[in-house]
Amino acid sequence: MSAPVGDGVRRTVRTIDTPQGPARAHLHTPTGAEPAGALVLSHGAGGRNWSKDLLALATLAGGAAAEPAATDAADAARPWQVVLVEQPWRVAGRSVAPAPAKLDEAWLAVLAALRAGPAHDGRIAGPLVVGGRSAGARVACRTAQSVGATGVLALAFPLHPPGRPAASRAAELAGVRVPVLVVQGASDPFGTPEEVRAAVPGVPVVAVRGGHGFTADVGPVLAAARDWLEQRRGE
């Protein structure tokens, strides 16, 4: 299903079969210029609605990623194609995510299908940045190499379960071999920005207000992602 809209973005919804059941990809594709690349994101392990930060990032398809100070003005004007992926468990209406291995299996199938889709109805091309929020960020980190990503955008990375710092997932971040940006709530019980910096030295972490869900003001999240994505152009 595809429909152009007045903001220069074609919105396409694709249902994609995976070994874990159907997933759903919501593509936001610029219509006025070839995208600078594809930004593919997924949600966390709970909730039925898209979080405000992920919805804000979808606006990058309309050109919000442009940077006037870029050396190549024509390239800076190119927006990103943004894809929001609903994992099969959420499409099926379940309230609890499956084990990490099953999440990864479905994600890999979605990325393969998106790359093989018809050009006019939901195919991604060019540099690929993957990411998501919370559990979605973990999936992106674990599979970045397998999908050939040039970067990982991790929102609210769950470094550890609340109150259990010893159960660290730092190895998932540390194992990424491409540029990573972590955007973390200042009071996130799953790991504060300071905890993430200490656990994974060298990985850039942008602190924003709020906890695991950030705050209603997603402007700082969008700004951090936009600035970082400017560095991914052409990679």
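These numbers come from a predicted model, not from an experiment. (Residues numbered from 1 in each chain as written. Predicted model: local features only at pLDDT ≥ 70, side-chain atom pairs only at ≥ 80, totals over all residues. Heavy atoms only, no water.)

A. Representation of helix α4 (residues 100-116) in the model. With 17 residues, α4 extends 25 Å from end C-alpha to end C-alpha; this agrees with the ideal 24 Å at 1.5 Å per step. Among the residues of α4, Leu 103, Asp 104, Ala 106, Trp 107, Val 110, Leu 111, Ala 113 and Leu 114 are the ones counted as buried. (Helix = DSSP H or I, 4+ residues; strand = E, 2+ residues; numbered from the N terminus. Expected span 1.5 Å × (residues − 1). Buried < 20%, exposed > 50% of the residue type's maximum accessible area, 1.4 Å probe, protein only.)

B. Expanded view of the nonpolar core. Core analysis: the largest hydrophobic core is formed by 39 residues, its most contacted members being Val 40, Leu 114, Ile 124 and Val 182. In this view, Val 182 contacts Ala 154, Phe 157, Leu 173, Val 196, Val 203, Pro 204, Val 205 and Val 206; residues no more than four positions away in its chain are not counted. If you look at the next biggest cluster of nonpolar residues, it comprises 27 residues, including Ala 36, Val 183, Val 221 and Leu 229. (Core = buried A, V, L, I, M, F, W, Y, C linked by side-chain atoms within 4.5 Å. Contact = heavy atoms within 4.5 Å.)

C. Examining the pattern of salt bridges more closely. Using the criterion set out here, one finds seven salt bridges in the structure. Put simply, Glu 86 and Arg 24 hold a salt bridge, and the shortest N to O gap is 3.0 Å. Residue Glu 86 is found in strand β5 (residues 81-86), and its partner Arg 24 is found in strand β3 (residues 21-30); the two are separated by 62 residues along the sequence. With a shortest N-O distance of 2.9 Å, Asp 53 and Arg 133 are connected by a salt bridge. Within this pair, whereas Asp 53 is found in helix α1 (residues 52-58), its partner Arg 133 is found in strand β6 (residues 128-133), the two being separated by 80 residues in sequence. When salt bridges that share partners are traced, they join Asp 104, Arg 138, Arg 142 and Glu 172 into one network. (Salt bridge = Lys/Arg side-chain N within 4 Å of Asp/Glu carboxyl O.)

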